[in-house]
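In case you want the letters, here they are:
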Amino acid sequence: MHHIVAVRDTNNHETRVALTPVVCKKLVDLGMQVTLEAGFGERLHLTDSAYHDVGVTLNARAEVLAAAGVLVSLHPPAQDDLAQLPEGAAVASFLDPFRQADLIKYLASNKLSALAMELIPRSTYAQKMDALSSQASLAGYAAVIGAADRINKALPMMTTPAGTIAPARVFVVGVGVAGLQAIATAKRLGARVEAYDTRPVVAEQVASLGAKFVSIDVGETGQTAQGYAKALTDEQLAKQRAQMAKHCANADIIITTAQLFGRPAPRIITAEMVAGMKPGSIIVDLAASTGGNVEGSKADEDVVVDGVTIVGFVNFPGTVARDASQMYASNIASLLEHLWDKESKTITFNLEDDITQGTLLTHQGEIRDERVREAVNG
Ligand code: NAD
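Notes on the structure in this doc start here. Note that the structure is a prediction, hence the values are computed from the model and not measured.

Here the focus is the overall build of the protein. Of the regular secondary structure elements, the protein holds 13 helices and 19 strands. A compact globule built from 378 residues would reach a C-alpha radius of gyration of about 21 Å, and the protein, at 22 Å, matches this within 12%. Overall size of the protein, expressed as C-alpha extent along the three principal axes, is 65 × 45 × 35 Å. Partitioning the contacts of the protein with sequence separation of at least 6, the portion at a separation of at least 24 is 63%. Carbon and sulfur atoms make up 50% of the accessible area of the protein, which totals about 17,000 Å². Separation between the mean location of the 33 positive side-chain charges and that of the 42 negative ones in the protein comes to 6 Å.

Printed below as a string of structure tokens:
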């Protein structure tokens with residue numbers, strides 16, 4: 001298995017690509033053969049010759065799929081494409097494993113090996129492969145830019161002969177990778193920033209970015225061994241909402257990023273809290289695609305409620321597609337390099353290795369991750 005392939009994304013709203021010429025060169029230099037569908041990088045103005053120049057072969061879609069050792073993708077591949085892969089081929093992609101039951105069953109029953117980018121372990125060594133984090137950090141940045149673009153107010157304080165403009169107040173809810181980058185971006189733009197997370201360990205990080213951590217006592221919270229938040233009880237969530245309401249009412253911009261690994265996002269901001277905000281305020285719900293942190297948010301729509309715009313746009317990393325593509329491709333290349341056996345010049349799955357163990361979701365007909373197996377079997 002030394003042949004790495006990728007085909008054009010059929011989703012025309014996607015602006016990113018999964019492999020860039022810089023990263024393809026690295027794979028070719030390692031000894032891998034790389035074949036892409038002709039026109040692969042077009043949406044990012046990356047020409048076929050830019051790929052060809054670094055040793056990539058360009059071909060028609062059907063030929064590319066038929067030659068696959070590993071099919072690389074950003075989004076879960078369509079079954080029509082998977083059906084054209086040779087026996088025993090592998091897929092490396094975001095697979096949305098907790099919600100794509102049919103796809104995961106298909107991969108397993110057709111004995112395709114699947115590397116799910118969502119399941120890259122959160123270890124120091126695997127950080128360079130962590131595509132959830134690379135895309136989340138750009139999403140946090142782009143969410144603030146998106147909000148600044150929509151709001152009818154400047155973010156920094158400005159003292160002018162015509163008067164002083166007060167800085168915008170930004171409230172970031174959920175301070176993981178996306179939240180931290182949102183705080184840093186809003187601070188750079190001159191806003192006054194508050195932030196909250198159920199994991200009190202992040203208070204220090206918030207302070208180090210010059211923002212104010214909002215302390216809310218909801219009792220015992222916690223995090224998993226991988227650093228993900230544990231779900232709150234209904235009672236704890238009610239307490240959180242009650243104490244957050246005044247911070248929401250004061251905010252010009254709210255960015256919500258709260259996620260629970262493998263579960264729907266927690267519903268944190270109620271319609272009542274939205275109604276308490278000033279008309280013209282903006283809420284960006286970065287969890288819109290996993291159920292939403294904000295009541296009334298809709299994936300990929302701007303919804304206006306009582307003058308407050310709730311932004312449910314999903315592909316914020318795609319607004320900075322050049323950087324997002326480079327980072328994703330680099331994450332993929334680091335994973336492939338890790339799996340590359342230099343002696344035999346092939347991708348190998350060593351099930352004793354932590355990264356392979358965690359990421360290899362389907363292999364030889366089996367769904368290997370217990371949590372996903374439970375989700376798939378309902
Ligand atoms: P995530 O995307 O799963 O969630 C985003 C944030 O939402 C988290 O900080 C979570 O605590 C928070 N959250 C959940 N429920 C909430 C609620 N009801 N109210 C407010 N906030 C809520 O998390 P993430 O961005 O992937 O990161 C989680 C942690 O893991 C971070 O501390 C991050 O630095 C760490 N991390 C470590 C590695 C590594 O070691 N390789 C890699 C990535 C992230």
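Going residue by residue along strand β5 (residues 90-93), you find A90 and A92 tucked away on one face and V91 and S93 tucked away on the opposite face as well. Bridge count for strand β4 (residues 70-72) against β5 is 3 bridges, and the pairing is parallel. Residue V72 lies in a different strand from β5, and its bridge partner there is A92. The sheet contact formed by β5 and strand β6 (residues 113-116) spans 4 bridges and is parallel. Across the sheet, A90 pairs through a bridge with S113, a residue of β6. One crossover worth recording links β5 to the parallel β6 by way of helix α5 (residues 101-109), and it is right-handed.

Turning our eyes to something else, we now look at the sheet that holds β6. Here we have 8 strands laid out as an open sheet, ordered β3-β2-β1-β4-β5-β6-β18-β19, and mixed in their pairing. Looking at the sheet topology across the chains shown, the edges are occupied by β3 (57-59) and β19 (366-367). Across the face of the sheet, α5 comes into contact with β5, β6, β18 (360-363) and β19 while running at roughly 50° to β18.

Scoring rules and cut-offs
Residues numbered from 1 in each chain as written. Predicted model: local features only at pLDDT ≥ 70, side-chain atom pairs only at ≥ 80, totals over all residues. Heavy atoms only, no water. Helix = DSSP H or I, 4+ residues; strand = E, 2+ residues; numbered from the N terminus. Rg over C-alpha atoms; globule rule 2.2 N^0.38 Å. Contact = heavy atoms within 4.5 Å. Areas by Shrake-Rupley, 256 points an atom, 1.4 Å probe, with all protein chains shown as cover. Lys, Arg positive; Asp, Glu negative; His and termini not counted. Charge placed at Lys NZ, Arg CZ, Asp CG, Glu CD. Buried < 20%, exposed > 50% of the residue type's maximum accessible area, 1.4 Å probe, protein only. Pairing = 2+ DSSP bridges. Right-handed = clockwise from strand over helix to strand, strands pointing away. Axes fitted to C-alpha atoms, helices over the stretch in contact; angles between N-to-C directions.

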